[in-house]
Amino acid sequence: MVNTDKIKGFERIGFAPADILLPADCDWEKWAVVACDQFTSQPEYWEQVEKNVGDAVSTFKLILPEMFLSGGNTEDRIAAIHNAMDQYINEGVFKTYDDAFIYLERVQSDGRVRKGVIGMVDLECYDYNKGSTSLIRATEGTVLERIPPRQAVRREASIELPHVMLLIDDPENTVIGPLAECKDCVYDFDLMEGGGHACAYLVPDDKKQGIADALNKLLDHSEGQLLFAVGDGNHSLATAKACYEELKQEIGEEAALKHPARWALAEIVSLYDDALTFEPIHRVLFDVEPQKVIEALKEYYPDHKEGASDEGHVIEYVTGAGNGFITIMNSDSNLPVGTLQKFIDDYLAKNSGTIDYIHDEIARDFGAKPGCIAFMLPPMEKNSLFESIVADGALPRKTFSMGHAEDKRYYIEARKIK
């Protein structure tokens, strides 16, 4: 439960301090691993992570990388995750920081420092459906098929580990800026596999109220009562929401409101953080005939032009034969990603093939392989994000990524949800 006596105003903003778990003693570099939905087409990355971790205590043993979902032994992996969670709790791996906010400085792979604060968000204030008017909203479409595998992990989990990042529209840096004075360091280490560096500090009691006050002021001046936009980890937050709704059915709404699973750990970051960049997420189709896909795209959008144009939505494709451009005119989507995704959804519904969402230029390498085609997308301007969500609802799924794959949140903090 949240302590209402210490901090006023949290019930309105849906963000509060949490009882945060961190290892009491560990090799931090082995403890922290990158978000489970990264490097899904690069098994060598996760093989190296597993080798790095070895027998050490690690969040690698508490999560299910999505790369393993097609491996055929998912149930065994999930059972092992639940056992590891219980083991870590029973053997005293964790130290609890009661009623805590944690201020994080994350040095990215490019050397820039991203700043955020970790607390818990109220799932009663979150709705990922398109057209939502909730306090916390998805920035892009939620792929419902991605929720059940994550639910299988969370349903019986005794703890949660977040890679959720919520964005706030705070150009004056009123929420996170004052936390740079925090001095009580709780961890400071290099992240494995080129992830940069993480340094975090416990937020003192005299600064907690300031977080609530600043967020309340942002809400007062927000357009459409949108305070938090889910910048990363939307499917993890959607999974937490789905499990919470299941819990309501099991124990009743009144009991669920008092249950720790009503809340979910998350990091909030200012949209205007200098280190925060919006990277495009490219599409790669596998097990297809590239030329057939290109011709189908032209047929789907008969109002198109060959090559790149200053008008319309320019779609770049990469195949083993090279790259090219098609400009789609008069699309009913606001962004090129929406134009492209409509075609891909229709094509895969009628033809064989699979899709993966690749964050980096490595998508070009995949596209050049036999039986593949990559579609390369331009970046989105981040300063139009909140306005677009309020006006149009959630953006097309996988519209953007905040930074490169190795700059994603690493699992470090945990919290009991049972």
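Just so we're clear, the structure is a prediction, and the values are computed from it rather than from any experiment.

Q: Just checking my understanding: could you explain the overall build of the protein chain for this structure?
A: Within the protein chain, the secondary structure is distributed over twelve helices and 24 strands. The C-alpha radius of gyration computed for the protein chain amounts to 22 Å, which stays within 12% of the reference 22 Å derived for 418 residues, consistent with globular compactness. C-alpha atoms of the protein chain, sized along the principal axes, occupy 65 × 50 × 45 Å. For the protein chain, with 418 residues in total, the buried portion stands at 56%. Put simply, of all contacts in the protein chain between residues at least 6 apart along the chain, 78% involve residues at least 24 apart. Summed over all atoms, the accessible surface of the protein chain reaches about 17800 Å², with 47% contributed by carbon and sulfur. Counting 42 positive and 72 negative side-chain charges, the protein chain places the averaged centre of each group 2 Å from the other.

Q: Looking at this structure, I do not really get empty space enclosed by the protein. What am I missing?
A: The gaps left among the atoms become clear once a water-sized probe is rolled over them. A full pass over the atoms with the stated rule returns six cavities of 30 Å³ or more. Estimates place the volume of the largest cavity at around 390 Å³. Arg150, Val153, Arg154, Leu161 and Ser236 are, among the 27 residues lining the largest cavity, the residues nearest its centre. Broken down by secondary-structure element, the contributors of at least two residues to the lining of the largest cavity are α5 (147-154), β9 (159-160), α7 (234-251) and β14 (263-270). For the lining of the second largest cavity, the elements supplying multiple residues, two or more each, are β13 (228-232), α7 and β22 (400-402). Residue composition of the lining of the second largest cavity, grouped by class: three nonpolar, ten polar and seven charged.

Q: Before we go on, may I ask you to explain the packing of aromatic side chains in this structure?
A: We describe a pair of aromatic rings using the distance from one ring centre to the other and the angle between the two ring planes. Under the criterion given, the structure shown has 17 aromatic pairs. A centroid spacing of 5.5 Å and a plane angle of 80° characterise the contact between Tyr45 and Trp46, whose relative ring orientation is edge-to-face. Exposure class is identical for Tyr45 and Trp46. Each is buried. Taken together, Phe39, Tyr45, Trp46 and Phe60 form an aromatic cluster joined through their ring pairs.

Calculation rules
- Residues numbered from 1 in each chain as written.
- Predicted model: local features only at pLDDT ≥ 70, side-chain atom pairs only at ≥ 80, totals over all residues.
- Heavy atoms only, no water.
- Helix = DSSP H or I, 4+ residues; strand = E, 2+ residues; numbered from the N terminus.
- Rg over C-alpha atoms; globule rule 2.2 N^0.38 Å.
- Buried < 20%, exposed > 50% of the residue type's maximum accessible area, 1.4 Å probe, protein only.
- Contact = heavy atoms within 4.5 Å.
- Areas by Shrake-Rupley, 256 points an atom, 1.4 Å probe, with all protein chains shown as cover.
- Lys, Arg positive; Asp, Glu negative; His and termini not counted.
- Charge placed at Lys NZ, Arg CZ, Asp CG, Glu CD.
- 1 Å grid on protein atoms, 1.4 Å probe; cavity = no way out; pocket = protein on both sides within 12 Å on 5 of 7 lines; lining within 4 Å.
- Points joined across faces, edges and corners; volume = space filled by probe spheres on them.
- Nonpolar A, V, L, I, M, F, W, Y, C, P; charged D, E, K, R; others polar.
- Phe/Tyr/Trp six-rings, centres within 6.5 Å; stacked < 30°, edge-to-face > 60°.

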